[in-house]
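Fold and contact review
What follows is each chain in one-letter form.
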Amino acid sequence: MNFFRHRHRTVLGLPALALLIVTTGCSSADDSDSVTVPSPTAKVAKLCRNLDSVLPDKVDGLDRHDPEPASALTAGWGSPAIILRCGVVRPPKMVDPKVATGSDPKAIAGEVNGVEWLMEKQDDGSTRFTTANRQAYVEVTVPEGRNTAGMLTDMASSVKKAIPFGK
């Protein structure tokens, strides 16, 4: 069952998601500003280009500094960078019943300013957020130790503007 599709709001919600964002670790991550560029369909790539054109210059007070290779499907802020990749595949955890019930210790679903996100703690200490219930999946990876209290709030209006609801 795809819990995002049914919009269950009983999972921990915004306060718990915000707390997990703030407590994403204390050490630095890889300082590399290179990423793998997604290979979405033409329709999704167009949505991602629209997103790139409306992304903020600053996220959580950090200046935009896009990773290599240059692509309208990726963006970055700060160093070590918060990395956005648009047009990624749906993460398997998005349909995991444990996440839907709140019993997965490494993943949680929540909503910030009208955008639904899946948050997953990664083995390297970073945190990955992926949009849900949008026509394109947008992934944002936050390095371990990065304080990201306002990051999802700063990105929400751009995601809502460029990536419509639905599949």
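Residues numbered from 1 in each chain as written. Predicted model: local features only at pLDDT ≥ 70, side-chain atom pairs only at ≥ 80, totals over all residues. Heavy atoms only, no water.

**Quick notes on the overall build of the protein chain**
Where we set the bar: The secondary structure listing takes helices from DSSP runs of H or I that are at least 4 residues long and strands from runs of E that are at least 2 residues long, numbered from the N terminus. A simple rule labels every residue: compare its accessible area, found with a 1.4 Å probe on the protein chains alone, to the largest value its type can have, and call it buried under 20%, exposed over 50%, or partly exposed in between. Any two residues whose heavy atoms approach within 4.5 Å are treated as being in contact. Areas reported here follow the Shrake-Rupley algorithm with a probe of radius 1.4 Å; residue values treat only the protein chains shown as occluding.
Within the protein chain, the secondary structure is distributed over four helices and eight strands. Across the protein chain, helices and strands are ordered from the amino to the carboxyl terminus as α-α-β-β-β-β-α-β-β-β-β-α. When the 167 residues of the protein chain are sorted by exposure, 49% land in the buried category. Counting only contacts in the protein chain whose residues sit at least 6 apart along the sequence, the fraction spanning at least 24 positions is 65%. Only carbon and sulfur atoms are counted for the fraction: they give 54% of the accessible area of the protein chain, which is about 8000 Å².

**Here we look at the side chain of Glu116**
So the rule is basically this: N or O atoms closer than or at 3.5 Å make up a polar contact, with two conditions inside protein: a donor-capable atom paired with an acceptor-capable one, and, for residues adjacent in sequence, both atoms drawn from side chains.
Residue position: Glu116 is located in strand 6 (residues 115–121). Looking at Glu116, the relative accessible area reads 5%, which means it is buried. A polar side-chain atom of Glu116 sits 3.0 Å from a polar atom in the side chain of Asn133.

**Remarks on unusual backbone geometry**
Cis geometry marks the peptide bond from Glu68 to Pro69; its omega dihedral reads -5°. Within the fold, Pro69 resides in the loop between strand 2 (62–63) and strand 3 (74–77). Cis geometry is adopted by the peptide bond preceding Pro80, which originates at Ser79 and carries an omega value of -5°. Residues other than glycine seldom take positive phi values, yet Asn113 does so here, at roughly 50°. For Asn113, the position within the fold is in the loop between strand 5 (107–112) and strand 6.

**Overview of the state of the cysteines**
A covalent bond between the sulfur atoms of two cysteines is what we call a disulfide. Rules: Throughout, disulfides are identified as pairs of cysteine sulfur atoms within 2.5 Å of each other.
Evaluation of the coordinates by the stated rule reveals one disulfide. Linked covalently through their sulfurs, Cys48 and Cys86 form a disulfide whose S-S length is 2.1 Å. Across the disulfide from Cys48 to Cys86, rotation about the S-S bond amounts to roughly -75°, and the bridge is consequently left-handed. You can see Cys48 sitting in helix 2 (residues 42–54) and its partner Cys86 sitting in strand 4 (residues 82–88), a full 38 residues away along the chain. For the pair Cys48 and Cys86, a shared accessibility class is recorded, and that class is buried.

**Some points on the packing of aromatic side chains**
Here is the rule we go by: Only the six-membered ring of Trp is used, alongside the rings of Phe and Tyr, when aromatic pairs are assigned; centres must lie within 6.5 Å, and planes under 30 degrees apart are stacked while those over 60 apart are edge-to-face, with the rest tilted. Any Lys NZ or Arg CZ that is within 6 Å of a ring centre and within 35 degrees of that ring's normal is treated as a charge sitting over the ring.
A complete count under the given rule lists one aromatic pair for this structure. Here Trp117 and Phe129 contribute two aromatic rings whose centre-to-centre distance is 6.5 Å and whose plane-to-plane angle is 90°, an arrangement assigned as edge-to-face. Residue Trp117 is located in strand 6, and its partner Phe129 is located in strand 7 (residues 127–132); the two are separated by 12 residues in the primary sequence. Across the ring face of Phe165, the terminal group of Arg134 is positioned such that the distance to the ring centre comes to 4.1 Å.

**Quick word on the pattern of salt bridges**
Applied cut-off: Within this document, salt bridges are pairs made up of a side-chain nitrogen of Lys or Arg and a carboxyl oxygen of Asp or Glu, the two lying within 4 Å of each other.
Counted by the stated rule, this structure contains seven salt bridges. Among the salt bridges present, the one from Asp52 reaches Arg64, with a minimum N-O distance of 2.5 Å. Placement of Asp52 in helix 2 and of Arg64 in the loop between strand 2 and strand 3 is noted, with a sequence separation of 12 residues between them. A relative accessible area of 24% places Arg64 in the partly exposed class. The salt bridge partner of Asp123 is Lys106, with a shortest N-O separation of 2.6 Å. Here Asp123 is found in the loop between strand 6 and strand 7, whereas its partner Lys106 is found in the loop between helix 3 (97–101) and strand 5, with 17 residues between them in sequence.

**Thoughts on the sheet that holds strand 8 (residues 137–142)**
Heads up, the rule is: Any two strands with at least two DSSP-identified bridges between them are counted as paired. Fitting a line to C-alpha atoms yields each axis, with helices limited to the stretch in contact; the angle taken between N-to-C directions then spans 0 to 180 degrees.
Read from one edge of the open sheet, six strands run 3-4-8-7-6-5, paired in antiparallel fashion. Two strands lie at the open edges of the sheet, namely strand 3 and strand 5, each paired on one side alone. With direction set aside, neighbouring strand axes in the sheet form an average angle of 20°. Bridge count between strand 4 and strand 8: five bridges; the pairing is antiparallel. Along strand 8, the bridge assignment pairs Cys86 with Val138.

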